[in-house]
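Examining the three-dimensional arrangement
Each chain is listed here by its residues.
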Amino acid sequence: MKSTLKVSLGLAAGLAASTAMTGASQAEDLTLCWAAWDPANALVELSKDFTAQTGIGMKFEFVPWTNYADRFLNELNSKGKLCDLIIGDSQWIGGSAENGHYVKLNDFFDKEGIKMSDFVDATVVGYSQWPKNTPNYWSLPAFGDVVGWTYRKDWFSRPELQQEFKAKYGWDLDAPKTFAQLKEVAEFFQNREIDGKKVYGASIYTERGSEGVTMGVMDVLYSFGFKYDNPDKPYEMEGFVNSDKSVAGLEFYKSLYDCCTPPGASNSYMGEGIDAFKSGQVAMHMNFAFTWPGLHKDEAVGGDVVGFFPNPAGPEGEQFAQLGGQGISVVSYSDKQDAALQYIKWFANPDVQKKWWSLGGFSCLKAVVEDPTFPESQPYAKTFLDSMAIVKDFWAEPSYASLLQASQKRFHDYVVAGQGTAKEALDGLVKDWNEVFEDDGKI
């Protein structure tokens, strides 16, 4: 889930807004719409094979994350013909299905022998299904993503720090497995001097304008026992969203923000987190997995300096992580649906998916991620695999934007601005979300 994000990723941010793979536009050229970021560069390279095999040219419309949702949701809502294929946010599935923006793919999948059981289950639910947990498919899982953590292996491995940490906390300084451990590590590094420079414990999500603080808070709340609603009664949120476990999780998140983040971290999301880690400010860094290849290659903090670990477990051993990523869909307003479906068929091929992973795309195909060699294929591969096994996602309802706006305000007001209590913030969120679903006729 990355709906209206602020990313400063160097080359990714400088990606051209539109790029073509063929010298002159042909009648059958397809336009694929996505965000302007590093994985998009990899997709351009990968798609050259599609053009070589089919003769169908590919054009690309890539928009920075800050404008991604506004630009393409407006395009869909106006029934525009710019995009033949779109890699849309996981949260768009409900609205795009119910409003007729995407082509339903069930018959096509059946005809071509494309089986959703061949893809990681969580990505099928998260990127493809509407309604959720029903066999109704509106996209093919395209880019798996999940919130996880990076850490400074070089700092953690210093004998003097290991000795001091063990004496203070009673366990070996290493990648934390629980949130209690994560906070102890963050406290240990907060305001410590390393190599003559003051450093801090952790970079976490606090951004107010799009979805940042929600992604960070939910990443923690899930493992504390938060539930969106009553499993036996959809949209009944009282006692679930604002349960005692949820309150404890939100209190923990605020305590982590208060104790262990760098100065000026009141509006931090993906780009700011990357900057904090690359500049050597923090010992640990919460971010989506798509950032890991770039960090691993970084001259200053890459290689053996950086380590990766999945989102830790909560107080009762529950362990979940916030799902990111997107599926690829055929736009129903396109005049080139047949050619677009050819691209979907090509993209689903196992050999293509293997190359997608090798180029920096995060494949969702089980044949790729369950291959015995996968965990050793990249230093972050096992952490990605472990993380994708524990994902949960935010609401994918057609009114998700209103639901997200409410959580952004409630969470930021409490965590960053220090207004009220965690219980009051979650009680208010139940009220806000009830109003949205009442307006939708869901309750």
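Details of the structure are given in the entry above.
This write-up is about the structure you can find in this document. (Residues numbered from 1 in each chain as written. Predicted model: local features only at pLDDT ≥ 70, side-chain atom pairs only at ≥ 80, totals over all residues. Heavy atoms only, no water.)

1. Comments concerning helix H11 (residues 270-278)
We count it as follows: For each residue, the accessible area found with a 1.4 Å probe, counting protein chains only, is set against the maximum for its type, and the residue is called buried under 20%, exposed over 50%, and partly exposed in between. Under the scheme used here, helices are H or I runs from DSSP no shorter than 4 residues and strands are E runs no shorter than 2 residues, and both carry numbers assigned from the N terminus. A contact between two residues is defined here by any heavy atoms of the two lying within 4.5 Å.
Restricting attention to buried positions, one finds in H11 the residues Met270, Gly271, Gly273, Ile274, Ala276 and Phe277. Buried positions along H11 lie against strand E5 (140-152), strand E7 (197-203), strand E8 (282-288), helix H12 (292-297) and strand E9 (306-309). Where H11 ends, the next residue or the one after it, Gly280, has phi of about 80°, a positive value.

2. What to know about the packing of helix H1 (residues 38-54) against helix H14 (residues 350-359)
What counts, and what does not: Every axis corresponds to a line fitted to the C-alpha atoms, with the helix fit spanning only the stretch in contact, and the corresponding angles, defined between N-to-C directions, vary from 0 to 180 degrees. Should the near helix be turned anticlockwise from the far one by less than a right angle, the crossing is termed left-handed; should it be turned clockwise, right-handed. Three categories are distinguished: nonpolar for Ala, Val, Leu, Ile, Met, Phe, Trp, Tyr, Cys and Pro, charged for Asp, Glu, Lys and Arg, and polar for the others, with Gly belonging to the last.
Axis separation between H1 and H14 bottoms out at 9 Å; the angle between their running directions is 145°. As H1 runs across H14, the sense of the crossing is right-handed. Here H1 contributes Pro39, Ala42, Leu43, Glu45, Leu46 and Asp49 to the contact with H14, which in turn contributes Val352, Lys355, Trp356 and Leu359. Of the residues that constitute the contact of H1 with H14, the class distribution is seven nonpolar, no polar and three charged.

3. Quick word on the packing of helix H9 (residues 212-224) against helix H17 (residues 400-415)
Under the convention used in this document: Should an angle lie under 35 degrees it is considered roughly parallel, over 145 roughly antiparallel, and from 65 to 115 roughly perpendicular; all remaining angles are considered oblique.
Contact geometry of H9 with H17 gives a least axis separation of 8 Å together with a crossing angle of 75°. Looking at the two axes, H9 sits roughly perpendicular to H17. Residues Gly212, Val213, Thr214, Val217 and Met218 of H9 form the contact with H17, whose participating residues are Leu404, Ser407, Gln408, Phe411, His412 and Val415. In terms of residue class, the contact of H9 with H17 is built from six nonpolar, five polar and no charged.

4. Regarding the pairing of strand E4 (residues 85-89)
Defined as follows: By definition, two strands form a pair when at least two bridges between them are found by DSSP.
Here E4 lies mainly inside the structure; five of its five residues are buried. Where strand E2 (residues 30-35) meets E4, two bridges bridge the pair, whose relative direction is parallel. Within E4, the position partnered with Leu32 by the bridge is Leu85. As paired strands, E4 and strand E10 (residues 321-330) are joined by five bridges and run antiparallel to one another.

5. Quick word on the state of the cysteines
The cut-off we apply is this: Two cysteine sulfurs form a disulfide in these notes if their separation is within 2.5 Å.
Tallied over the full model, the rule gives two disulfides. In this model, Cys259 is linked to Cys260 through a disulfide, with the two sulfur atoms separated by 2.0 Å. Linking Cys259 and Cys260, the disulfide has an S-S dihedral of approximately -95° and is accordingly described as left-handed. The exposure class assigned to Cys259 is partly exposed, which follows from its relative accessible area of 24%. Taken N- to C-terminal, the disulfide-bonded cysteines of the chain are connected 1-2, 3-4. Cys364 carries a free sulfur, and the closest cysteine sulfur to it, the one in Cys33, is 20 Å from it.

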